[in-house]
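One letter stands for each residue in the lines below.
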Amino acid sequence: MDVTEVLLPGVGLRYEFTSRRGDRVGVVARRTGEFELVVYAGEDPDQGRAILQLNSEEADTVAEILGAPRIAERFADLTKEVPGLLSGQVEVRSGSAYDGRPLGATRARTLTGASIVAIVRGDEVIASPTPQEVLLGGDVLVVIGTHEGIAGVEQIIRD
């Protein structure tokens, strides 16, 4: 299925697709972390009707229920709008110092200023992980921050 991505300056991103039945559906990912599910009337792309509004936690829950693999990607996409803000991925290697330890033990945000916004564990995405979330070898951390901050998280995790 083709998904069109539209940058909404100052707002966030809009993802659009056409359903099997021909309905045009949009999801607006706002910079505030809120989301709107929109259905478009007829052929007019400007006549959208908001069906559902979700905060980031509610959207993450719906995405997990639906098995959406794009949760981590939305954080990366939102960084396109903010100059100097990047996204990166850092793998937790099996046997590393943090394999089997809680995320908070890394002190990554405190030491680097970068935020770990998701953990990808196989096919599962843990969005907005808490400091108590235990890291496992093979986990991929989705990190948002400056180039230096992301490199700092990588240094912490690999040491």
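Scroll up a little and you will see the structure.
Procedures and definitions
Residues numbered from 1 in each chain as written. Predicted model: local features only at pLDDT ≥ 70, side-chain atom pairs only at ≥ 80, totals over all residues. Heavy atoms only, no water. Helix = DSSP H or I, 4+ residues; strand = E, 2+ residues; numbered from the N terminus. Buried < 20%, exposed > 50% of the residue type's maximum accessible area, 1.4 Å probe, protein only. Contact = heavy atoms within 4.5 Å. Salt bridge = Lys/Arg side-chain N within 4 Å of Asp/Glu carboxyl O. Pairing = 2+ DSSP bridges. Axes fitted to C-alpha atoms, helices over the stretch in contact; angles between N-to-C directions.

**A closer look at the overall build of the chain**
Within the chain one finds four helices and nine strands. Sequence-ordered secondary structure for the chain, helices as α and strands as β, is β-β-β-β-β-α-α-β-α-β-β-β-α. Within the chain, buried positions represent 36% of all 159 residues. Within the chain, contacts between residues at least 6 apart in sequence are counted, and of these 48% link residues at least 24 apart.

**Quick notes on the pattern of salt bridges**
On inspection of all chains with the given rule, the structure shows seven salt bridges. Between R30 and E36 there is a salt bridge, with its nearest N and O atoms 2.4 Å apart. Of the residues examined, R30 reaches a relative accessible area of 28% and is grouped as partly exposed. For the salt bridge of R121 with D139, the shortest nitrogen-to-oxygen distance reads 2.8 Å. Within this pair, whereas R121 is found in strand β7 (residues 115-121), its partner D139 is found in the loop between β8 (124-127) and β9 (140-145), the two being separated by 18 residues in sequence. Salt bridges linked by common partners bring R14, E16 and R24 together as one network.

**A look at the sheet that holds β9**
Pairing within the open sheet is antiparallel, and its four strands lie in the order β6-β9-β7-β8. In this open sheet, the two edge strands, each paired with only one partner strand, are β6 (86-91) and β8. With strand direction ignored, the average angle separating the axes of adjacent strands in the sheet is 25°. Alignment of β7 against β8, held across four bridges, turns out to be antiparallel. Note on β8: the bridge partner recorded for A118 is A127.

**As for the pairing of β7**
Relative to β9, β7 runs antiparallel, the two being bridged by five bridges. Considered in β9, the bridge of I116 is made with V143. From the end of β7 to the start of β8, which pair antiparallel, there are two residues, and G122 there has a positive phi angle of about 65°.

**So, the environment of V120**
Note on placement: V120 falls in strand β7. With 29 residues separating them in the primary sequence, V120 and E91 have C-alpha atoms 9.3 Å apart.

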